[in-house]
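Examination of the molecular architecture
Listed here are the chains, written in short residue letters.
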Amino acid sequence: MLRSATFTRRLAATSLPKCTAISTIQRTPTFIIPTQHSTFPVTNLSHLINTRSLSSSSRNLGSILEREITEETEAGAGSNELPEELDTLYNDISKNWTIVQGLTGIGTNETGGGATVRLYKKENGSNGAKIGIVFHCQDTEEDNAFSEDMFNEEREETEEEPATAVRFAVTVSKGGKTVVMQCRAAEEDLVVESAAVRDGDAEAALIALAGGEQLHSSLYQGPEFTELAEDLQEAFHVYVEKECGVDEDVTAFITMYSDYREQEEYVSWMKTANSILT
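Let me begin by describing the structure that accompanies this report. (Residues numbered from 1 in each chain as written. Predicted model: local features only at pLDDT ≥ 70, side-chain atom pairs only at ≥ 80, totals over all residues. Heavy atoms only, no water.)

This part takes up helix α4 (residues 230-243). Here α4 spans 19 Å end to end across 14 residues, near enough to the 20 Å set by a 1.5 Å rise per residue. For α4, the complete set of buried residues consists of H237, V240 and E243. Structurally, α4 contributes buried residues whose contacts are with β6 (116-121), β7 (130-142), β8 (164-174), β9 (177-186) and β10 (189-199). Downstream of α4 by one or two residues, G245 has phi in the positive range, about 80°. (Helix = DSSP H or I, 4+ residues; strand = E, 2+ residues; numbered from the N terminus. Expected span 1.5 Å × (residues − 1). Buried < 20%, exposed > 50% of the residue type's maximum accessible area, 1.4 Å probe, protein only. Contact = heavy atoms within 4.5 Å.)

This is the structure:
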């Protein structure tokens, strides 16, 4: 938008009739084009050109977003309906776990709130500890686990897309203290990567983890896990599987549900962005 400015224009009486002399005025900048008998203002059209340019770019962005939304919805995303296999697994997991989307104070109605998922085990551990799981649908990485097929020279040139590993945390809380075990799941495989101790109950620990731990990140993060005795590393792995109940079904659910939530959030993101920008 052009801002108003004061312009002083004085035309010599010898070159123009006296009635056309212009005094000091407050108005939008104009160009004065003299003619033989009179003058007339020509408005600066640059703002109209800019408006047209913005309108064109807005339409272009909107059409591309609409195209992407259509492609995703035709593929089944954005419907908030679980695929059949995932729906069956969800029901099975729900028998032993309470599944919650979002965080306390950030519900699923909050834009992007469904990206974080928490699970609470319905039964306490054998020592009375409360057990929970938290993961974010975008906390993923390519699974680089060793495979002999990687070095098979006779393998086909066309390979399947690499499996995606999802990072998640398992919390075990008792007496106002919580052990946090950072894990990684790829399909049905489970890897324990670290173990740290935090103050607070399961809810506080899960919220802190979902928020990147913030102030907790300055605390002791536990020992370098790979430097622990091998039998101690294995003992943690068995504890997470047996005592915490993070079995093959749970890890499969985490990887599948994470992918589902990411697709849902992606479509929601495009729709919201489209409604604002176009």
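For the rest of this paragraph, the subject is the nonpolar core. In this structure, L119, I133, F168 and V170 are the most contacted members of the largest nonpolar core, which totals 32 residues. Listed by contribution, the elements that provide at least two residues to this core are α2 (84-93), β5 (97-101), β6, β7, β8, β9, β10 and α5 (248-277). When residues of this core are assigned to their parent elements, the largest contribution, six residues, is made by α5. Ignoring any residue separated from it by four or fewer positions in sequence, one finds V170 in contact with I131, G132, I133, V179, V180, M181, C183, V240, C244 and V246. (Core = buried A, V, L, I, M, F, W, Y, C linked by side-chain atoms within 4.5 Å.)

Take the sheet that holds β7 next. Spatial strand order, β5-β6-β7-β8-β9-β10: six strands in an open sheet with antiparallel pairing. A strand with exactly one partner marks an edge of an open sheet, and here the two such strands are β5 and β10. If you compare each strand with its neighbour and ignore which way they point, the axes differ by 20° on average. Across five bridges, β5 lies against β6 in antiparallel orientation. Bridging across to β6, W97 finds its partner in K121. Contacting β6, β7, β8, β9 and β10, α4 crosses the sheet at an angle of about 95° to β10. Along the sheet face, α5 touches β5, β6, β7, β8, β9 and β10 and points at about 55° away from the line of β7. (Pairing = 2+ DSSP bridges. Axes fitted to C-alpha atoms, helices over the stretch in contact; angles between N-to-C directions.)

To continue, consider α2. Taken together, the buried positions of α2 are L86, L89 and I93. The buried residues of α2 all sit within an arc of 65° when viewed along its axis, so they share a single face. In the core, the buried residues of α2 are packed alongside β5, β6 and α5. (Arc of directions from axis to C-beta.)

In the contact formed by α2 and α5, the axes pass within 10 Å of each other and the chain directions differ by 130°. By the criterion of interaxial angle, the relationship of α2 to α5 is oblique. Between α2 and α5 lies a crossing of left-handed hand. On α5, the residues that touch E85, L86, L89, Y90 and I93 of α2 are D249, V250, A252, F253, M256, Y257 and Y260. In terms of residue class, the contact of α2 with α5 is built from ten nonpolar, no polar and two charged. (Parallel < 35°, antiparallel > 145°, perpendicular 65-115°, else oblique. Left-handed = near helix turned anticlockwise from the far one by under 90°. Nonpolar A, V, L, I, M, F, W, Y, C, P; charged D, E, K, R; others polar.)

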